[in-house]
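Structure assessment
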Amino acid sequence: MIQLTVNGKTEKLDVSPEMPLLWAIRDTIGLTGTKFGCGVAQCGACVVHLDGEAVRSCVTKMSRAEGKNVVTIEGLSENNDHPAQKAWQEIDVPQCGYCHSGQIMSAAVLLRENPNPSDQDIDNAMAGNICRCGTYPRIRKAIHLASEMQEKSKT
Amino acid sequence: MIAVILVSTIALAFTVSIHHRITEKEYIGITPIKKDSAASVAAFKQVYKVLMSPRCLNCHPKGDIPLQGDNNVVHSMQPKRGKDGKGIYAMKCANCHQAENSPGLHTPPGNPEWHLPPADMKMVFEGKTAHELAKQLVNPELNGHKDLQKLIAHADDGLVKAGWNPGKGRTVPPLTHAQFKKAWITWLQTGAYAPAK
């Protein structure tokens with residue numbers, strides 16, 4: 001039995017320690033917002049937060065996640081109102097949408113560590129999240145907007 | 001008396017600059033050495049082959065992005081070094097590189113300590129001649145503040161040894177780890193001479 005916290009809820013899962021965290025999130029727990037893309041940490045579709053870091057859950061084994069705090073796109077905010085989520089909606093960023101839970105989870109780490117990122121900061125932070133629809137200009141625009149929203153929400 | 005002379009000799013070999021010399025105290029307790037420039041240079045030529053192999057060189061790049069593959073290409077996704085060498089924001093090394101190699105061909109290799117040298121001590125191997133690299137490796141201001149004992153111990157560092165367990169699809173260095181360690185220690189203990197320019 002492997003115990004971990006997912007979106008604030010304690011989960012005890014009867015799974016192999018070798019199982020990728022992504023499998024447990026999607027197939028065992030049933031949270032399907034996190035996507036399977038490449039399976040080898042090359043695309044970023046499966047990004048979740050593991051103790052706050054934007055790990056790729058397709059290569060993160062359950063043995064690493066044991067006892068830790070996992071946040072998926074479903075748990076990023078209570079009402080889909082994280083500044084990145086609101087900015088994504090405002091800019092209408094997604095095209096097919098498949099990569100965007102991973103994009104938003106990566107953007108959330110950037111915005112936490114650098115509340116006012118430059119274009120270069122955004123490129124540096126988001127270079128590992130691939131979008132085959134090519135929505136990169138809108139992603140960048142949305143992160144700038146999210147930064148502004150985040151700043152305003154503090155005042 | 002002999003010990004004092006030997007220690008002083010090492011201190012000279014590890015002179016950093018006219019402003020900073022390694023004190024004798026820093027070398028108390030090391031295995032006595034026998035200076036032998038020919039043996040030292042010969043050993044370093046073996047060491048250099050390993051340090052220039054992709055498994056070592058790829059994480060000692062000139063720039064702030066690691067290299068990858070047996071052909072030393074810039075790492076896909078262009079992850080940046082960051083201040084501590086462990087990446088930045090959503091692109092931290094450990095976000096993809098696990099504590100162990102991921103299964104499968106050309107999947108991310110892993111180690112619990114996976115990182116580049118930090119931004120304030122880049123320890124570049126890429127593009128260095130044997131002469132330049134030998135000089136750099138014994139300069140504590142450029143080698144991560146390692147004295148002779150720490151340099152010797154570094155041969156058994158977990159991340160160094162990971163070079164011999166690189167995951168499927170990657171070649172290992174041209175010497176075995178045991179051969180490398182022997183050459184490394186021989187080079188250091190015979191005076192850490194740099195090959196000619």
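All of these numbers come straight from a predicted model, not from anything done at the bench. (Residues numbered from 1 in each chain as written. Chains lettered and ligands numbered in written order. Predicted model: local features only at pLDDT ≥ 70, side-chain atom pairs only at ≥ 80, totals over all residues.)

A short note on the overall build of chain B
Broken down by element type, chain B carries eight helices and four strands. Counting from the amino terminus, helix and strand elements in chain B follow one another as α-α-α-β-β-β-β-α-α-α-α-α. Here chain B holds 197 residues, and the buried ones make up 32% of them. Residue pairs in contact within chain B that sit at least 24 positions apart in sequence constitute 60% of those at least 6 positions apart. (Helix = DSSP H or I, 4+ residues; strand = E, 2+ residues; numbered from the N terminus. Buried ≥ 20, exposed ≤ 12 C-beta atoms within 10 Å, placed from the backbone. Contact = placed C-beta atoms within 7 Å.)

What to know about the overall build of chain A
In terms of regular secondary structure, chain A is built from six helices and five strands. Counting only C-alpha atoms and orienting by the principal axes, one finds that chain A spans roughly 45 × 35 × 25 Å. Scored against the burial criterion, the 155 residues of chain A give a buried share of 44%. The long-range share in chain A, meaning contacts at least 24 apart out of those at least 6 apart in sequence, stands at 61%.

Thoughts on the sheet that holds strand E4 (residues 53-56) of chain A
Residues and elements named next belong to chain A. Spatially, five strands are ordered E2-E1-E5-E3-E4 in an open sheet, and the strand pairing comes out mixed. The open sheet is flanked by strand E2 (9-13) and E4, the only strands paired with a single partner. Between one strand axis and the next, the sheet turns by 40 degrees as a mean value, whatever way the strands run. Alignment of strand E1 (residues 2-6) against strand E5 (residues 69-71), held across two bridges, turns out to be parallel. What sits directly across from Thr-5, in E5, is Asn-69. The sheet contacts of helix H1 (residues 21-29) involve E1, E2, strand E3 (47-50) and E5, and relative to E2 the element is tilted by about 95 degrees. (Pairing = 2+ DSSP bridges. Axes fitted to C-alpha atoms, helices over the stretch in contact; angles between N-to-C directions.)

What to know about helix H8 (residues 177-189) of chain B
Given 3.6 residues per turn, any residue in an α-helix points the same way as the ones three and four places further on. Residues and elements named next belong to chain B. Here H8 is 13 residues long and its end C-alpha atoms lie 18 Å apart, about the 18 Å a rise of 1.5 Å per residue gives. Within H8, burial applies to Phe-180, Ala-183, Trp-184, Trp-187, Leu-188 and Gln-189. The inward-facing, buried residues of H8 abut helix H2 (37-51) and helix H6 (148-154). Positive phi appears at Gly-191, one or two residues downstream of H8, with a value of about 120 degrees. (Expected span 1.5 Å × (residues − 1).)

Side note on the environment of Phe-36 of chain A
As for its placement among the helices and strands, Phe-36 of chain A is situated in the loop between H1 and E3. A sequence separation of 35 residues divides Phe-36 of chain A from Met-1 of chain A, and the C-alpha atoms of the two residues are 24 Å apart.

Concerning unusual backbone geometry
For residues other than glycine, phi is negative in most cases, and the peptide bonds are mostly trans. A positive phi is found at Asp-92 of chain A, a non-glycine position, where the angle reads about 60 degrees. Position of Asp-92 of chain A relative to the elements: it lies in the loop between helix H3 (83-91) and helix H4 (100-113).

Quick notes on the domain arrangement of chain A
Residue and element names in this part refer to chain A. Considered domain by domain, chain A is made up of domain 1 (2-74) and domain 2 (83-154). A separation of 21 Å is found between the C-alpha centroids of domain 1 and domain 2. In the side of domain 1 that touches domain 2, the residues fall into seven nonpolar, five polar and one charged. (Domains from an automatic or database assignment. Nonpolar A, V, L, I, M, F, W, Y, C, P; charged D, E, K, R; others polar.)

Focus on the interface of chain B and chain A
In this complex, chain B contributes 17 residues to the contact, which on the side of chain A involves 21 residues. Of the residues in the side of chain B that touches chain A, the class split is nine nonpolar, six polar and two charged.

Quick look at the nonpolar core
Among the nonpolar cores identified, the biggest contains 47 residues, and Ala-107 and Leu-110 of chain A together with Ala-90 of chain B are the most heavily contacted of them. Counting contributing residues, this core receives three or more from each of domain 1 (2-74) and domain 2 (83-154) of chain A. For Leu-110 of chain A, the contacting residues outside a window of four places in its chain are Pro-117, Asp-121, Ile-122, Ala-125 and Ile-143 of chain A together with Tyr-89 and Ala-90 of chain B. Of all hydrophobic cores here, the second largest spans 23 residues; its members include Leu-133, Leu-151, Phe-180 and Tyr-193 of chain B. (Core = buried A, V, L, I, M, F, W, Y, C linked by C-beta atoms within 7 Å.)

Overview of H3 of chain A
Residues and elements named next belong to chain A. All of the buried residues in H3 are Pro-83, Ala-84, Gln-85, Ala-87 and Trp-88. As for H3, its buried residues are in contact with H4 and helix H6 (136-154). Positive phi appears at Asp-92, one or two residues downstream of H3, with a value of about 60 degrees.

Things to note about the pairing of E4 of chain A
Consecutive residues of a regular strand have side chains that alternate between opposite faces of the sheet. Residues and elements named next belong to chain A. By the bridge criterion, four bridges tie E3 to E4 in an arrangement that is antiparallel. Considered in E4, the bridge of Val-47 is made with Arg-56. Following E3, the chain reverses through two residues before pairing antiparallel with E4; Asp-51 in that reversal takes a positive phi of roughly 50 degrees.

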